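Letter by letter, the chains look like this.
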Amino acid sequence: RPKVTLNTLTSMYKKGDPITMLTAYDFPSAHVADHAGMDMILVGDSLAMVALGLEDTSEVTLEEMIMCSRAVSRAVKGAFTVGDLPMGSYEISPQQAMTSAFRLLKEGRVQSVKLEGGASMAPTIKAMTDAGIPVLAHIGLTPQRQHALGGFRVQGKTVKSAMALLHDALAVQEAGAYAVVLEAVPAPIAEMVTKKLRIPTIGIGAGNGTSGQVLVQVDMLGNFPPGRYVPKFVKRYGDVWSEALKGIEAYKEEVKSRAYPAEEHGYAVKEEVVNNFQA
Ligand code: KIV
Ligand code: NA
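None of these values were measured; they are calculated from a predicted model.

### Describing the site of ligand 1
What surrounds ligand 1 is the set Thr23, Leu42, Gly44, Asp45, Ser46, Asp84, Val181, Ile204, Val214 and Val216. Among the residues making up the shell around ligand 1, the classes are represented as 5 nonpolar, 3 polar and 2 charged.

### Here we look at helix 8 (residues 159–175)
Here helix 8 is 17 residues long and its end C-alpha atoms lie 24 Å apart, about the 24 Å a rise of 1.5 Å per residue gives. The secondary structure elements touched by the buried residues of helix 8 are helix 6 (122–130), strand 5 (135–140), strand 6 (179–183) and helix 9 (187–196). Looking one or two residues past helix 8, Gly176 carries a phi angle of roughly 110°, positive in sign.

### Focus on the packing of helix 8 against helix 9
Two measures define how a pair of helices packs: the angle their axes make with one another and the distance between the axes. In the contact formed by helix 8 and helix 9, the axes pass within 10 Å of each other and the chain directions differ by 30°. As for how helix 8 packs across helix 9, the hand of that crossing is right-handed. When helix 8 is examined against helix 9, the residues Ala162, Leu165, Leu166 and Ala169 are found in contact with a partner set consisting of Ile189, Val193 and Lys196. In terms of residue class, the contact of helix 8 with helix 9 is made up of 6 nonpolar, no polar and 1 charged.

### Focus on the sheet that holds strand 1 (residues 19–23)
In a beta sheet, neighbouring strands pair by backbone hydrogen bonds and run either parallel or antiparallel. Pairing in this closed barrel of 8 strands is parallel, and the strands run 1-2-3-4-5-6-7-8 around the ring. Pairwise comparison of adjacent strand axes, ignoring direction, gives a mean angle of 25° for this sheet. On top of the sheet, helix 9 reaches strand 6 and strand 7 (201–204); it is set at about 170° to strand 7, its chief contact.

### Quick notes on the environment of Pro18
By the element assignment, Pro18 lies in the loop between helix 1 (6–15) and strand 1. Classification of Pro18 by C-beta neighbours within 10 Å gives partly exposed; the count is 17. Along the sequence, Pro18 and Ser93 sit 75 residues apart, while their C-alpha atoms lie 34 Å from each other. Ignoring anything within four residues of it in the chain, the contact list for Pro18 reads Ser211, Gly212 and Gln213.

Conventions we followed
- Residues numbered from 1 in each chain as written.
- Chains lettered and ligands numbered in written order.
- Predicted model: local features only at pLDDT ≥ 70, side-chain atom pairs only at ≥ 80, totals over all residues.
- Near = placed C-beta within 6 Å.
- Nonpolar A, V, L, I, M, F, W, Y, C, P; charged D, E, K, R; others polar.
- Helix = DSSP H or I, 4+ residues; strand = E, 2+ residues; numbered from the N terminus.
- Expected span 1.5 Å × (residues − 1).
- Contact = placed C-beta atoms within 7 Å.
- Axes fitted to C-alpha atoms, helices over the stretch in contact; angles between N-to-C directions.
- Left-handed = near helix turned anticlockwise from the far one by under 90°.
- Pairing = 2+ DSSP bridges.
- Buried ≥ 20, exposed ≤ 12 C-beta atoms within 10 Å, placed from the backbone.

Written as C-alpha coordinates, this is what we have:
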(Lines give C-alpha, C1' and ligand atoms only; values in the text may rest on other atoms or scores of the structure.)
(Ligands and ions follow the chains in the order given, each with its own letter.)
Protein backbone atom coordinates (compact mmCIF):
# COMPACT_ATOMS: atom_id res chain seq x y z
CA ARG A 1 0.00 0.00 0.00
CA PRO A 2 1.14 3.58 -0.53
CA LYS A 3 2.84 5.28 2.40
CA VAL A 4 0.45 7.37 4.51
CA THR A 5 1.56 11.01 4.67
CA LEU A 6 0.12 14.16 6.23
CA ASN A 7 -1.54 14.80 2.84
CA THR A 8 -3.22 11.38 3.00
CA LEU A 9 -4.55 12.18 6.47
CA THR A 10 -5.82 15.58 5.32
CA SER A 11 -7.67 14.09 2.38
CA MET A 12 -9.19 11.36 4.58
CA TYR A 13 -10.32 14.06 6.98
CA LYS A 14 -11.89 16.10 4.18
CA LYS A 15 -13.75 13.05 2.87
CA GLY A 16 -14.98 12.14 6.35
CA ASP A 17 -13.10 8.83 6.14
CA PRO A 18 -12.26 7.84 9.75
CA ILE A 19 -8.53 7.76 10.56
CA THR A 20 -7.39 4.52 12.24
CA MET A 21 -4.59 4.69 14.79
CA LEU A 22 -3.12 2.08 17.14
CA THR A 23 -0.19 2.02 19.51
CA ALA A 24 2.87 -0.19 19.09
CA TYR A 25 5.98 -0.46 21.23
CA ASP A 26 8.29 -2.95 19.49
CA PHE A 27 8.98 -4.61 16.13
CA PRO A 28 6.27 -7.33 16.23
CA SER A 29 3.48 -5.09 17.58
CA ALA A 30 4.28 -2.49 14.91
CA HIS A 31 4.58 -5.09 12.18
CA VAL A 32 1.09 -6.52 12.78
CA ALA A 33 -0.52 -3.06 13.09
CA ASP A 34 1.09 -1.91 9.85
CA HIS A 35 0.17 -5.15 8.09
CA ALA A 36 -3.47 -4.73 9.21
CA GLY A 37 -3.49 -1.35 7.47
CA MET A 38 -3.52 1.14 10.32
CA ASP A 39 -3.27 4.70 8.99
CA MET A 40 -1.23 5.85 11.97
CA ILE A 41 0.96 4.02 14.48
CA LEU A 42 1.73 5.67 17.79
CA VAL A 43 4.69 4.78 19.96
CA GLY A 44 2.71 5.85 23.02
CA ASP A 45 4.31 6.42 26.38
CA SER A 46 1.69 3.92 27.62
CA LEU A 47 4.54 1.52 26.79
CA ALA A 48 5.77 2.46 30.27
CA MET A 49 3.02 0.22 31.67
CA VAL A 50 2.29 -2.23 28.87
CA ALA A 51 5.87 -2.95 27.79
CA LEU A 52 8.13 -1.94 30.68
CA GLY A 53 5.87 -2.76 33.65
CA LEU A 54 6.15 0.69 35.23
CA GLU A 55 3.42 2.14 37.48
CA ASP A 56 2.56 5.04 35.17
CA THR A 57 3.94 7.03 32.25
CA SER A 58 5.86 9.52 34.42
CA GLU A 59 8.91 7.25 34.77
CA VAL A 60 9.57 6.55 31.10
CA THR A 61 12.60 8.36 29.65
CA LEU A 62 13.30 9.92 26.27
CA GLU A 63 16.02 7.28 25.74
CA GLU A 64 13.46 4.49 26.26
CA MET A 65 11.00 6.19 23.90
CA ILE A 66 13.76 6.49 21.29
CA MET A 67 14.70 2.82 21.60
CA CYS A 68 11.10 1.66 21.21
CA SER A 69 10.50 4.14 18.37
CA ARG A 70 13.50 2.76 16.47
CA ALA A 71 12.13 -0.78 16.75
CA VAL A 72 8.65 0.30 15.65
CA SER A 73 9.99 2.37 12.75
CA ARG A 74 11.93 -0.59 11.39
CA ALA A 75 8.66 -2.55 11.03
CA VAL A 76 6.41 0.16 9.59
CA LYS A 77 6.13 0.39 5.82
CA GLY A 78 2.78 2.09 5.27
CA ALA A 79 1.49 3.87 8.36
CA PHE A 80 2.32 7.43 9.42
CA THR A 81 4.30 7.16 12.65
CA VAL A 82 4.08 9.23 15.82
CA GLY A 83 6.33 9.15 18.87
CA ASP A 84 5.22 10.36 22.29
CA LEU A 85 7.39 12.94 23.99
CA PRO A 86 7.63 11.64 27.58
CA MET A 87 6.86 13.74 30.64
CA GLY A 88 9.71 16.12 31.45
CA SER A 89 11.17 16.15 27.95
CA TYR A 90 9.24 19.13 26.52
CA GLU A 91 7.50 21.27 29.18
CA ILE A 92 10.43 23.44 30.28
CA SER A 93 10.83 25.49 27.10
CA PRO A 94 10.22 25.38 23.35
CA GLN A 95 13.99 24.80 22.96
CA GLN A 96 13.85 21.74 25.21
CA ALA A 97 10.80 20.44 23.30
CA MET A 98 12.52 20.91 19.94
CA THR A 99 15.74 19.24 21.13
CA SER A 100 13.75 16.23 22.39
CA ALA A 101 11.53 16.12 19.30
CA PHE A 102 14.51 16.16 16.93
CA ARG A 103 16.05 13.24 18.83
CA LEU A 104 12.79 11.29 18.54
CA LEU A 105 12.61 12.07 14.81
CA LYS A 106 16.27 11.46 13.98
CA GLU A 107 17.21 8.67 16.39
CA GLY A 108 13.75 7.16 16.87
CA ARG A 109 13.02 7.63 13.15
CA VAL A 110 9.33 8.48 13.66
CA GLN A 111 7.64 10.97 11.35
CA SER A 112 5.95 13.16 13.95
CA VAL A 113 5.74 13.68 17.69
CA LYS A 114 2.88 13.91 20.19
CA LEU A 115 2.80 16.00 23.32
CA GLU A 116 0.20 16.56 26.02
CA GLY A 117 -1.33 19.95 26.75
CA GLY A 118 -3.56 22.60 25.19
CA ALA A 119 -3.36 26.41 25.28
CA SER A 120 -0.37 26.39 27.64
CA MET A 121 1.65 24.34 25.12
CA ALA A 122 0.60 26.45 22.10
CA PRO A 123 3.78 28.59 21.95
CA THR A 124 5.86 25.39 22.06
CA ILE A 125 3.76 23.74 19.34
CA LYS A 126 4.16 26.90 17.23
CA ALA A 127 7.94 26.90 17.63
CA MET A 128 8.09 23.21 16.76
CA THR A 129 5.88 23.43 13.68
CA ASP A 130 7.81 26.52 12.53
CA ALA A 131 10.94 24.35 12.74
CA GLY A 132 9.32 21.70 10.55
CA ILE A 133 8.33 19.22 13.25
CA PRO A 134 4.84 17.77 12.69
CA VAL A 135 3.04 17.86 16.05
CA LEU A 136 0.05 15.82 17.19
CA ALA A 137 -1.50 17.49 20.24
CA HIS A 138 -3.24 15.59 23.06
CA ILE A 139 -5.90 17.22 25.24
CA GLY A 140 -8.76 16.21 27.55
CA LEU A 141 -7.47 13.55 29.90
CA THR A 142 -3.69 13.88 29.70
CA PRO A 143 -2.25 10.86 31.56
CA GLN A 144 1.17 12.47 32.16
CA ARG A 145 -0.68 14.99 34.31
CA GLN A 146 -2.82 12.41 36.12
CA HIS A 147 -1.51 13.47 39.52
CA ALA A 148 -2.15 17.14 38.73
CA LEU A 149 -5.64 16.29 37.42
CA GLY A 150 -6.43 14.28 40.57
CA GLY A 151 -6.50 10.92 38.78
CA PHE A 152 -7.91 9.58 35.55
CA ARG A 153 -10.96 11.78 35.19
CA VAL A 154 -13.32 12.33 32.29
CA GLN A 155 -12.80 15.89 30.98
CA GLY A 156 -15.41 18.26 29.58
CA LYS A 157 -18.25 17.15 31.83
CA THR A 158 -19.24 20.69 32.87
CA VAL A 159 -19.87 23.73 30.67
CA LYS A 160 -16.72 25.34 32.07
CA SER A 161 -14.60 22.27 31.43
CA ALA A 162 -16.08 21.78 27.93
CA MET A 163 -15.30 25.44 27.13
CA ALA A 164 -11.72 24.93 28.36
CA LEU A 165 -11.43 21.86 26.12
CA LEU A 166 -12.62 23.82 23.07
CA HIS A 167 -10.23 26.65 23.97
CA ASP A 168 -7.36 24.14 24.12
CA ALA A 169 -8.38 22.53 20.82
CA LEU A 170 -8.51 25.88 19.02
CA ALA A 171 -5.18 26.93 20.56
CA VAL A 172 -3.29 23.84 19.39
CA GLN A 173 -4.89 24.16 15.95
CA GLU A 174 -3.80 27.80 15.66
CA ALA A 175 -0.32 26.82 16.84
CA GLY A 176 -0.02 24.43 13.89
CA ALA A 177 -0.77 20.95 15.26
CA TYR A 178 -1.72 18.67 12.37
CA ALA A 179 -4.31 16.82 14.50
CA VAL A 180 -5.38 16.52 18.12
CA VAL A 181 -6.07 13.52 20.35
CA LEU A 182 -9.17 13.92 22.55
CA GLU A 183 -9.03 11.53 25.49
CA ALA A 184 -11.89 10.69 27.87
CA VAL A 185 -14.38 13.30 26.73
CA PRO A 186 -18.19 12.80 26.56
CA ALA A 187 -19.21 11.97 22.97
CA PRO A 188 -21.42 15.03 22.29
CA ILE A 189 -18.68 17.39 23.53
CA ALA A 190 -16.00 15.67 21.43
CA GLU A 191 -18.28 15.85 18.38
CA MET A 192 -18.94 19.56 18.88
CA VAL A 193 -15.23 20.27 19.32
CA THR A 194 -14.52 18.25 16.15
CA LYS A 195 -17.05 20.35 14.20
CA LYS A 196 -15.40 23.60 15.35
CA LEU A 197 -11.98 22.53 14.07
CA ARG A 198 -10.36 22.33 10.64
CA ILE A 199 -7.84 19.69 11.73
CA PRO A 200 -8.70 16.03 12.52
CA THR A 201 -9.54 14.89 16.03
CA ILE A 202 -8.43 11.41 17.07
CA GLY A 203 -10.65 10.12 19.87
CA ILE A 204 -9.97 7.68 22.68
CA GLY A 205 -12.94 7.35 25.00
CA ALA A 206 -14.51 10.27 23.12
CA GLY A 207 -17.37 8.65 21.18
CA ASN A 208 -17.69 8.13 17.44
CA GLY A 209 -18.09 11.74 16.33
CA THR A 210 -14.34 12.37 16.11
CA SER A 211 -12.30 12.23 12.87
CA GLY A 212 -10.52 9.03 13.94
CA GLN A 213 -9.91 6.60 16.79
CA VAL A 214 -6.88 5.37 18.72
CA LEU A 215 -6.51 2.51 21.20
CA VAL A 216 -3.66 0.90 23.10
CA GLN A 217 -2.87 -2.33 21.25
CA VAL A 218 -2.45 -4.67 24.24
CA ASP A 219 -5.80 -3.45 25.61
CA MET A 220 -7.85 -4.03 22.45
CA LEU A 221 -6.15 -7.38 21.81
CA GLY A 222 -6.69 -8.59 25.38
CA ASN A 223 -2.97 -9.15 25.79
CA PHE A 224 -2.92 -8.86 29.59
CA PRO A 225 -3.73 -11.20 32.49
CA PRO A 226 -7.31 -11.50 33.77
CA GLY A 227 -8.20 -8.99 36.45
CA ARG A 228 -6.10 -6.14 35.12
CA TYR A 229 -7.97 -2.84 34.99
CA VAL A 230 -8.86 -1.52 31.56
CA PRO A 231 -10.77 1.72 30.94
CA LYS A 232 -14.46 1.59 30.00
CA PHE A 233 -13.85 2.75 26.42
CA VAL A 234 -11.70 -0.28 25.55
CA LYS A 235 -13.37 -2.89 23.36
CA ARG A 236 -11.67 -6.27 23.25
CA TYR A 237 -11.10 -7.50 19.72
CA GLY A 238 -8.95 -10.45 20.72
CA ASP A 239 -7.82 -12.74 23.52
CA VAL A 240 -4.09 -12.77 22.92
CA TRP A 241 -3.07 -13.40 26.53
CA SER A 242 -5.19 -16.58 26.73
CA GLU A 243 -3.82 -17.75 23.39
CA ALA A 244 -0.24 -17.18 24.55
CA LEU A 245 -0.93 -18.90 27.88
CA LYS A 246 -2.48 -21.91 26.13
CA GLY A 247 0.51 -22.25 23.83
CA ILE A 248 3.11 -21.93 26.58
CA GLU A 249 1.29 -24.39 28.85
CA ALA A 250 1.06 -26.93 26.02
CA TYR A 251 4.81 -26.51 25.38
CA LYS A 252 5.52 -27.03 29.08
CA GLU A 253 3.43 -30.24 29.18
CA GLU A 254 5.13 -31.63 26.07
CA VAL A 255 8.61 -30.92 27.38
CA LYS A 256 7.71 -32.63 30.66
CA SER A 257 6.26 -35.68 28.87
CA ARG A 258 9.02 -35.68 26.21
CA ALA A 259 6.35 -35.42 23.49
CA TYR A 260 8.33 -32.44 22.23
CA PRO A 261 10.58 -32.41 20.32
CA ALA A 262 9.28 -35.19 18.03
CA GLU A 263 11.37 -36.82 15.30
CA GLU A 264 10.25 -34.25 12.69
CA HIS A 265 11.73 -31.42 14.76
CA GLY A 266 15.21 -32.97 14.71
CA TYR A 267 18.11 -33.30 12.29
CA ALA A 268 19.03 -36.61 10.66
CA VAL A 269 22.47 -38.15 10.82
CA LYS A 270 23.90 -41.26 9.10
CA GLU A 271 23.85 -44.34 11.30
CA GLU A 272 27.57 -45.02 10.75
CA VAL A 273 28.36 -41.63 12.22
CA VAL A 274 26.37 -42.47 15.32
CA ASN A 275 28.02 -45.90 15.56
CA ASN A 276 31.55 -44.57 15.15
CA PHE A 277 30.82 -41.75 17.53
CA GLN A 278 29.66 -44.27 20.15
CA ALA A 279 32.72 -46.50 19.51
O1 KIV B 1 0.46 6.61 25.26
C2 KIV B 1 -0.55 6.30 24.59
O3 KIV B 1 -0.80 5.12 24.28
C4 KIV B 1 -1.43 7.41 24.14
C5 KIV B 1 -2.69 7.06 23.43
C6 KIV B 1 -3.62 6.26 24.26
C7 KIV B 1 -3.35 8.25 22.84
O8 KIV B 1 -1.10 8.53 24.36
NA1 NA C 1 0.69 8.83 25.69
